[in-house]
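Residue strings, one per chain:
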Amino acid sequence: MRTLNVSTICVAIFVFAAIAGQGEPVPSPALFPFVANWDEASQDSAIDVSSLNVKPAGINGYIVAKNGHFVESKTGKRVRFLGITFGTMSNYPTHADAERVAVRLARMGINIVRVHHEDWRTPGHISEIWDKSAVGPARPGGDGLERLDYLIAQFKRQGIYVDLNLHTARAYFPEDGFPDSVSQIPTEFDKRVDNFDRRMIDLQKQFARDYLTHVNPYTKMTYAQDPCVAVMEINNEDSLVASEVGDVAFCDKLPEPFRGELVGQWNAWLKRRYASDDALRAAWTLGAWSGKDAVDDAALNKLSHKTWTLEDHTGSARLTNAGDQSPENAAAVQVDCVVMPAEAWQVQALIRDLDFQEGAEYMLSFRAKADTDRSLEVCATSDDPEHHDWHNIGLMRDLNVGSDWRGYRFLFPASQVLANRNRLSFIIGGATGAVWLSDVRLKRVTADDVASTLRGQSVEQATVEIPVDGVDASTADWRRFLMDTEGAYADEMRTYLRKDLKVHANIIDTQVEYGEQAGLAREGGSDLLDIHAYWQHPEFPGKHWDSSNWTIRNTPMTDALAKGEGNTLTWLTAYRLAGKPYTVSEYNHPAPSDYQAEMMPILSSYAALQDWDMIYPFAYGHYYTSTGPHDRIQDHFGLAQNTAKEAFFPSAALLFRQELISPLSFVAALHLPAGFPSGHRSVTGAWSDACGQHSPDLMSARFQTVLDRKVKSTTLVKTQAAHTEAGVRAITTASGSQYLAQGRAAIAATGYVGGQTVALGPASLTFPAFGNNFAALTLVSLDVKPLGISRRLLLTITGKAENLGMVWNSSRTSVGNHWGHGPVQAEGIPATVTLANASVRHVWALDPSGARAKEVPVTVSGGKASFTIGPEYRTVWYEIGE
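First things first, this report covers the structure right here in the doc.

### Observations concerning helix 13 (residues 599-610)
And then number 1: The first and last C-alpha atoms of helix 13 sit 16 Å apart over 12 residues, in line with the 16 Å expected at 1.5 Å per residue.
And then number 2: Within helix 13, 12 of the 12 residues are buried, leaving the element largely enclosed by the surrounding structure.
And then number 3: Listed as buried for helix 13 are M599, M600, P601, I602, L603, S604, S605, Y606, A607, A608, L609 and Q610.
And then number 4: Looking one or two places after helix 13, you find D611, whose phi comes out positive at around 65 degrees.

This is the structure:
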């Protein structure tokens with residue numbers, strides 16, 4: 001083990017922080033039509049990187065997990081994957097469209113496709129995979145399955161592997177053998193219930209058998225045995241522990257017989273653990289003691305607004321006395337979040353100057369409601385503004401709050417408290433609107449509190465109810481039960497696929513973040529770990545997924561990275577489990593953000609720095625010939641034809657798949673005690689606590705988490721890897737935020753570059769002021785040689801991308817359903833580029849097919865080549881060569 005020394009880390013990332021200076025508006029550079037034409041790209045063009053794919057996929061054996069990464073079973077060669085997701089109708093093209101899109105993806109540098117939503121079956125939409133002639137429970141088959149088979153055969157032919165999703169969007173119906181009440185399950189696609197309901201689990205197995213053991217007529221193989229199937233996901237975004245299944249919001253709405261089935265399994269689990277009522281009562285009482293209240297109940301129950309403090313970083317939130325309106329006729333406070341803050345914690349109602357006893361257990365109870373269904377976070381932290389210390393002291397819970405009053409009760413042990421300097425916070429800033437709080441009580445736990453939870457209930461008679469109030473050991477046992485139940489489901493499904501169906505692909509249950517620390521334990525039995533993340537996902541203030549009523553925040557993640565604020569990278573780094581391949585199967589900076597061009601340079605370079613194994617932006621979108629023309633930004637997520645994202649795929653493929661940017665030299669490993677009793681502790685919170693700040697230094701090391709039976713408390717260990725190269729640092733200037741990554745044979749940059757010179761290794765780019773001064777770029781070596789001696793390079797650079805006729809609202813946070821029409825207009829970025837490379841003599845502006853459209857004048861002097869680019873060349877691609 002060595003102390004972290006930033007001067008010896010292998011790849012340089014520079015993060016410049018500040019807001020671009022205010023001044024007179026600068027005319028925006030010209031927008032011009034630019035829609036990538038992959039179909040016409042020639043094999044020797046700079047944008048066709050299909051040669052990266054070994055064809056057909058699987059020719060070198062199965063993709064297997066070894067030493068924490070993926071390798072080919074026959075050669076032992078490591079493989080990284082740049083992927084894309086195909087959802088819903090993208091999976092069932094005509095044969096001609098299938099052939100065309102497979103070639104297109106290979107040219108972009110894609111070597112895996114996530115086949116997603118193929119099982120969609122709801123009252124409003126039934127996927128084409130389902131056999132319309134089937135009688136009884138739904139079965140796959142028919143014309144739709146044949147078209148999917150042909151598509152996958154074309155992927156395989158082009159060296160593209162697949163990731164098959166078994167349960168994504170299937171809801172269950174009475175004809176599947178369920179009572180009519182199945183339609184009343186309050187989760188989309190019957191998620192969570194499908195982890196414990198026996199009939200649903202059996203139907204998932206049946207679908208897997210039908211799907212994976214049928215022979216694809218075009219490959220002559222089943223999907224269980226075909227080496228082009230690299231990954232198999234059992235259940236997308238699904239966990240019993242991911243939500244407060246035990247609270248009123250879920251269990252009271254769970255219809256019979258499903259609620260009864262869950263309660264029955266709960267009692268059977270308790271009987272195996274305790275056997276008798278006396279044993280259960282002793283376990284649930286153990287460790288409780290009497291003590292005085294931490295806060296005077298009478299004072300809190302009066303809820304004078306003077307008892308509370310409003311922390312508001314927006315300048316518009318309000319905290320008011322709402323009168324006696326709770327069910328107990330107690331006074332309530334109302335908190336209004338008027339303007340959405342950049343981070344949820346920037347609007348919160350809190351009670352300060354609390355004196356907790358170290359090691360004592362406390363019970364917080366309160367009632368809450370909101371003007372619409374929303375999330376609310378409650379936490380207990382230290383309160384030391386002088387030293388910027390607000391570390392968690394034992395409580396951090398996310399709640400679902402609705403329009404009716406609900407009671408909540410949480411028990412937590414107080415640890416790492418400060419004398420008289422602690423606070424209780426209700427974090428409101430996750431959504432706009434009003435929240436009411438009442439009957440807030442915080443007290444030390446007593447034996448009577450615990451013993452009362454068993455009154456009228458018996459484990460011997462199987463009448464123990466779900467502990468919706470969440471008191472002491474009963475809550476801990478409920479968590480254990482949920483973890484054991486979903487763990488048993490995951491083990492059962494993995495075993496069925498591997499042993500019964502003889503599946504060769506790498507198998508996961510679901511995304512690791514679902515369940516927090518419980519997710520790490522559950523997926524520890526999988527072959528890999530997977531996660532999803534979105535920067536500024538669209539928000540729907542009214543009806544969910546209302547295409548005309550949505551907003552995005554429309555700010556760059558580059559700013560958040562520079563300022564140390566919330567971002568996707570902090571989330572993604574936290575959940576990597578040591579010794580397992582790590583994949584990101586959904587990622588996006590949704591359109592129509594003015595800053596969406598930052599997505600691919602940041603994702604591909606940071607994944608390379610962290611040494612991840614698969615990255616899949618979400619999702620490809622529409623491409624059928626029959627639904628054309630395809631020359632516009634389709635929606636929030638469709639990447640096809642979105643020049644700000646799609647144009648970066650070739651350079652991202654080279655950068656990530658060929659390791660043109662090397663992994664960071666240092667490894668930071670967070671050791672968590674294995675066998676923890678509670679599955680709800682935030683993994684990112686554990687990292688923050690260990691690092692002693694809001695989040696770890698993202699630029700300092702590779703991050704991984706270890707479930708360690710040898711440690712009794714969270715421990716952070718930093719070590720140096722075998723190789724040592726360049727340095728990494730974070731600095732600030734007054735000119736604007738920037739993310740800059742530099743490697744041996746590639747650089748990536750995003751941020752406010754207007755009016756600045758950005759120097760990275762042998763490359764220097766000087767930008768005049770333009771538009772909003774924000775751009776994204778990559779410069780990669782096409783021959784894999786270092787940038788200073790490469791004989792052929794590709795520069796990709798752009799800013800905004802938008803449709804013609806796109807109509808923004810006044811705050812530039814939504815276009816509603818006014819997305820406009822094609823062709824996509826791309827922003828040309830002006831810059832003078834200087835490259836210390838004696839081989840460079842020519843630069844060409846490339847047209848949308850990658851052909852050389854116009855030569856850019858080059859000045860060569862002193863072993864350096866200099867040239868000026870701009871919107872006049874009407875391109876986002878420049879080929880640089882001899």
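That shown, we press on.
### Some words on the packing of helix 1 (residues 95-108) against helix 2 (residues 142-157)
And then number 1: Relative to each other, helix 1 and helix 2 sit at 30 degrees, their axes nearing to 9 Å. Taken together, the axes of helix 1 and helix 2 lie roughly parallel to each other. The handedness of the crossing between helix 1 and helix 2 comes out as right-handed. Facing H95, A98, E99, V101, A102 and L105 of helix 1, the residues of helix 2 in contact are E146, Y150, L151, Q154 and F155.
And then number 2: Class assignment for the residues of the contact of helix 1 with helix 2 results in 7 nonpolar, 2 polar and 2 charged.

### Focus on the packing of aromatic side chains
Geometry of an aromatic ring pair is reported as the spacing of the ring centres plus the angle between the planes.
And then number 1: Tallying each qualifying case throughout the model produces 39 aromatic pairs.
And then number 2: A centroid spacing of 5.3 Å and a plane angle of 75 degrees characterise the contact between W120 and F189, whose relative ring orientation is edge-to-face. Within this pair, whereas W120 is found in the loop between strand 6 (112-115) and strand 7 (121-122), its partner F189 is found in the loop between strand 9 (161-165) and helix 3 (198-213), the two being separated by 69 residues in sequence. A single burial state applies to W120 and to F189, both of which are buried.
And then number 3: Ring pairing ties together the aromatic residues F86, F155, Y620, Y623 and Y624, which thus form one cluster.
And then number 4: Of note, R121 hangs over the ring of W130, and the distance from its end group to the ring centre comes to 5.9 Å.
And then number 5: Residue placement shows K369 over the ring face of W436; its charged tip is 5.0 Å from the ring centre.

### What about the side chain of H532?
And then number 1: Along the chain, the position of H532 falls in strand 24 (residues 529-534).
And then number 2: Within the structure, H532 has its side chain in polar contact with the side chain of S585 (distance 2.8 Å).
And then number 3: In this view, H532 contacts R114, N236, E237, Q511, E513, W571, S585 and E586; residues no more than four positions away in its chain are not counted.

### Quick look at unusual backbone geometry
And then number 1: Cis geometry is found at the peptide bond from G628 to P629, where omega equals 0 degrees.
And then number 2: Looking at the element boundaries, P629 is found in the loop between strand 26 (614-615) and helix 14 (643-646).
And then number 3: In this model, G822 is joined to P823 through a cis peptide bond whose omega is 0 degrees.
And then number 4: Tracing the sequence through the fold places P823 in strand 37 (residues 821-827).
And then number 5: A positive phi angle is found at E237, which is not glycine, with a value near 50 degrees.
And then number 6: Relative to the assigned elements, E237 resides in the loop between strand 12 (229-233) and helix 4 (248-251).
And then number 7: A positive phi is found at K502, a non-glycine position, where the angle reads about 60 degrees.
And then number 8: Mapped onto the fold, K502 is located in the loop between helix 9 (472-500) and strand 23 (506-508).

### So, the packing of helix 13 against helix 15 (residues 649-657)
And then number 1: At a minimum axis distance of 9 Å, the contact between helix 13 and helix 15 shows a crossing angle of 10 degrees. Relative to helix 15, the element helix 13 is oriented roughly parallel. Residues M600, S604, S605, A607 and A608 of helix 13 form the contact with helix 15, whose participating residues are F649, A652, L655 and F656.
And then number 2: Of the residues contributing to the contact of helix 13 with helix 15, the split by class is 7 nonpolar, 2 polar and no charged.

### Let's talk about the sheet that holds strand 38 (residues 831-835)
And then number 1: An order of 32-33-38-42-41 is seen for the 5 strands of this open sheet, with the pairing classed as antiparallel. Two strands close off the open sheet at either side, each with one partner strand: strand 32 (757-760) and strand 41 (859-861). Pairwise comparison of adjacent strand axes, ignoring direction, gives a mean angle of 15 degrees for this sheet.
And then number 2: Where strand 38 lies against strand 42 (residues 864-869), 5 bridges are found, and the strand directions are antiparallel. For A831, the partnering residue across the bridge sits in strand 42 and is I869.

The rules behind the values
- Residues numbered from 1 in each chain as written.
- Predicted model: local features only at pLDDT ≥ 70, side-chain atom pairs only at ≥ 80, totals over all residues.
- Heavy atoms only, no water.
- Helix = DSSP H or I, 4+ residues; strand = E, 2+ residues; numbered from the N terminus.
- Expected span 1.5 Å × (residues − 1).
- Buried < 20%, exposed > 50% of the residue type's maximum accessible area, 1.4 Å probe, protein only.
- Axes fitted to C-alpha atoms, helices over the stretch in contact; angles between N-to-C directions.
- Parallel < 35°, antiparallel > 145°, perpendicular 65-115°, else oblique.
- Left-handed = near helix turned anticlockwise from the far one by under 90°.
- Contact = heavy atoms within 4.5 Å.
- Nonpolar A, V, L, I, M, F, W, Y, C, P; charged D, E, K, R; others polar.
- Phe/Tyr/Trp six-rings, centres within 6.5 Å; stacked < 30°, edge-to-face > 60°.
- Lys NZ or Arg CZ within 6 Å of the ring centre and 35° of its normal.
- Polar contact = N/O pair within 3.5 Å; in protein donor to acceptor, adjacent residues only side chain to side chain.
- Pairing = 2+ DSSP bridges.

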